[in-house]
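A structural walkthrough
Here is what each chain is made of, one letter per residue.
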2 protein chains.
Amino acid sequence: MARAGLTAERLTRAGAELADEEGFAQVTVSALARRFDVKVASLYSHVRNSQDLRTRIALLALEEMADRGSAALEGRAGKDALAALADVYRDYAREHPGRYAAAQLRLDPETAAASAGVRHARMTRAVLRGYDLTEPDQTHAVRLLGSVFHGYIGLELGGGFDHSAPDTQETWSRVVDALDALLRNWPAAQGD
Amino acid sequence: MARAGLTAERLTRAGAELADEEGFAQVTVSALARRFDVKVASLYSHVRNSQDLRTRIALLALEEMADRGSAALEGRAGKDALAALADVYRDYAREHPGRYAAAQLRLDPETAAASAGVRHARMTRAVLRGYDLTEPDQTHAVRLLGSVFHGYIGLELGGGFDHSAPDTQETWSRVVDALDALLRNWPAAQGD
DNA sequence: TTGATTTTCCTAAAGCCTTTAGGTTACGGT
DNA sequence: ACCGTAACCTAAAGGCTTTAGGAAAATCAA
């Protein structure tokens, strides 16, 4: 019988689609085998195990987001850049909730260091170059931006904002405005 | 042979401990049965199913956090209240990572409405009373605070800050300072 | 073209988790 | 003491993961 043409890449891609359609938690070796109409054991020639599969999807998502981020940041600076990067993350999460969830997976240090995660860190710092922050404050700001993006998207995707009134798009712009105002006027360290 | 004295409550509590020790994902009906030295099927008299067990743990965590929050907010206002509430969440997450993870579980609307989640929303609004925000802005601010708390704690717990320099405690205070400054000086809606 | 080699995919099987059905047995109340 | 109601158990089916080892397609050489 003809072969299915399995490949780590094709499996990863199909896994990402599965994640977006059914949720990242539903990405299993078995489900993927069903998609390719192939026996489960066959996948193990291409992917080490279930964890490996999920990690590959995470890396794919990080890469895709980083690509979008780079493109969005080209030729932008200041608030423009901030808003662009923020939208990249939010839009990606809305278009690809499963992939976005995958990207939150905790990677072991070496994998993380070799991943597109470092590009993300660089991009955030690039945005912050548009503001006047001293070095230690820049790190605090990187963490704050990461927290807001990750936190907001997580809550919005999880339906945490479903039962309150103003629509989430409005809040999102106001949050970006607020971050811009904050970075433009970053408070000095408080005396104790 | 003597009975184990199972109860939905005891199972929930033990499940919460299991979550803190091994991670929320490792909370399974089987693991819990092993803890009580009881056959798996026995748990199904007290808990509807695996999902039900996890939901109960989530509700417990929400309740515990709300209790801490109420206590922390008593007699505080303004930045003091903001910092206190922020610390409640962060400290709880650090002490009880599994429970905290459980609290992120997406609940169906009725369950959520009957949960301590509403107390959390009330507490955040109470903190915001210490700042001068119009009604729609207050909602935006509620969402921003939720995002920052949830986002920061998620990243810190996930080890997202492990590989950068300043310690996370320092960043946390600066983030709270920043939020206070921001709320004190909330930017008006931007013209387009 | 054909034979050897490699790679792909399969069968088989063990282990763990979930969930349901139906049977015992311990305990509390009368 | 006895009786009914939990509480707990045995049994079994179904799903996912992972490994071991076999069969067949594709590749490449002579």
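Residues numbered from 1 in each chain as written. Chains lettered and ligands numbered in written order. Predicted model: local features only at pLDDT ≥ 70, side-chain atom pairs only at ≥ 80, totals over all residues. Heavy atoms only, no water.

Moving on, we get to the overall build of chain A. Summing up its helical and strand segments, chain A has 10 helices and 0 strands in all. Helices and strands appear in chain A in the N-to-C order α-α-α-α-α-α-α-α-α-α. Taking the principal axes of its C-alpha atoms as reference, chain A extends roughly 70 × 40 × 40 Å. Counted over contacts in chain A with a minimum sequence separation of 6, partners at least 24 positions apart contribute 70%. Of the roughly 9500 Å² that chain A leaves accessible, carbon and sulfur atoms contribute 49%. (Helix = DSSP H or I, 4+ residues; strand = E, 2+ residues; numbered from the N terminus. Contact = heavy atoms within 4.5 Å. Areas by Shrake-Rupley, 256 points an atom, 1.4 Å probe, with all protein chains shown as cover.)

Let us now look at the protein's contact with DNA strand C. Around DNA strand C, a shell composed of 21 residues is seen, among which Arg 3, Ala 4 and Ser 42 of chain A together with Arg 3 and Ser 50 of chain B lie nearest. Among the atoms of DNA strand C close to the protein, meaning within 4 Å, 67% are from sugar or phosphate groups. Note that a phosphate oxygen of DNA strand C is positioned 2.5 Å from one of the side-chain N or O atoms of Ser 42 of chain A. Within the side chain of Thr 28 of chain B, an N or O atom sits 3.3 Å from a phosphate oxygen of DNA strand C. (Near = heavy atom within 4 Å. Polar contact = N/O pair within 3.5 Å; in protein donor to acceptor, adjacent residues only side chain to side chain.)

Residue-level contacts link 39 residues of chain B with 39 residues of chain A. Taking both partners together, chain B and chain A bury about 3100 Å²; carbon and sulfur atoms supply 61% of that area. Broken down residue by residue, the surface that chain B buries against chain A is led by His 140, Arg 143 and Arg 174 of chain B, which jointly contribute 24%. If you look at where chain B meets chain A, you find 2 salt bridges. Note that Arg 174 of chain B and Asp 137 of chain A form a salt bridge whose closest N and O atoms lie 3.0 Å from each other. Our enumeration of links across chain B and chain A arrives at 14 residue pairs in polar contact (both at pLDDT 80 or more). Counting residues per element, the ones that place at least two in the side of chain B that touches chain A are α9 (135-157) and α10 (168-184) of chain B. Looking at the side of chain B that touches chain A, the element that brings in the most residues is α9 of chain B, giving 13 residues. The class makeup of the residues in the side of chain B that touches chain A is 16 nonpolar, 14 polar and 9 charged. (Buried area = accessible area lost by both parts, 1.4 Å probe. Salt bridge = Lys/Arg side-chain N within 4 Å of Asp/Glu carboxyl O. Nonpolar A, V, L, I, M, F, W, Y, C, P; charged D, E, K, R; others polar.)

Within the UniProt annotation, "domain: HTH tetR-type" (unreviewed entry) is assigned to residues 5-65 of chain A. Secondary structure over residues 5-65 of chain A splits into 70% helix and 0% strand, and the C-alpha atoms at its two ends are 27 Å apart. (UniProt positions renumbered as here; feature names shortened; annotations may be inferred.)

The next thing to look at is the UniProt feature "DNA-binding region" (unreviewed entry) in chain A. Here, UniProt's "DNA-binding region" (unreviewed entry) annotation points to residues 28-47 of chain A. Along residues 28-47 of chain A one finds 60% helix and 0% strand; the C-alpha atoms at either end are 12 Å apart.

A few words on helix α4 (residues 50-73) of chain B. Residue and element names in this part refer to chain B. The end-to-end C-alpha separation of α4 is 35 Å, in line with the 34 Å expected for 24 residues at 1.5 Å each. You can read the cap of α4 off the contacts: a side-chain oxygen lies 3.1 Å from the backbone nitrogen of Gln 51, and it is on Asn 49. Of the residues trailing α4, Gly 75 is marked for its positive phi of about 75 degrees. (Expected span 1.5 Å × (residues − 1).)

For these two chains of identical sequence, chain B goes onto chain A by a turn of 180 degrees and a shift of 0.0 Å along the axis, with RMSD 0.0 Å. Such values leave the two copies arranged in the relation of a two-fold axis. Scanning chain B for the C-alpha nearest the rotation axis identifies Gly 151 of chain B, at a separation of 1.8 Å. Interface overlap between copies: 100% of the residues of chain B at the interface are likewise at the interface in chain A, consistent with a symmetric, same-surface contact. (Least-squares fit on C-alpha atoms with pLDDT ≥ 70 in both.)

Let us look at the packing of helix α4 (residues 50-73) of chain A against helix α8 (residues 117-128) of chain A. Residues and elements named next belong to chain A. The geometry of α4 relative to α8 is characterised by a closest axis approach of 9 Å and an angle of 25 degrees between their N-to-C directions. In terms of their interaxial angle, α4 and α8 are classed as roughly parallel. Regarding α4 and α8, the two cross each other, and that crossing is left-handed. Counting all contacts with α4, which are made through Leu 62, Glu 63, Met 65, Ala 66, Asp 67, Gly 69, Ser 70 and Leu 73, the residues of α8 involved are Gly 117, Arg 119, His 120, Met 123 and Val 127. (Axes fitted to C-alpha atoms, helices over the stretch in contact; angles between N-to-C directions. Parallel < 35°, antiparallel > 145°, perpendicular 65-115°, else oblique. Left-handed = near helix turned anticlockwise from the far one by under 90°.)

So, on to the pattern of salt bridges. Residues and elements named next belong to chain A. Tallying each qualifying case throughout the model produces 28 salt bridges over all chains. Measuring nitrogen to oxygen at the nearest pair gives 2.6 Å for the salt bridge that ties Asp 20 to Arg 99. With a gap of 79 residues between them, Asp 20 in helix α1 (residues 8-22) and Arg 99 in helix α6 (residues 97-103) connect regions that are remote in the sequence. Classification of Asp 20 as buried rests on a relative accessible area of 19%. The salt bridge partner of Arg 125 is Glu 135, with a shortest N-O separation of 3.9 Å. Remark: Glu 135 occurs in helix α9 (residues 135-157) and Arg 125 occurs in helix α8; sequence separation between them is 10 residues. By relative accessible area, which is 26% here, Arg 125 ends up partly exposed. (Buried < 20%, exposed > 50% of the residue type's maximum accessible area, 1.4 Å probe, protein only.)

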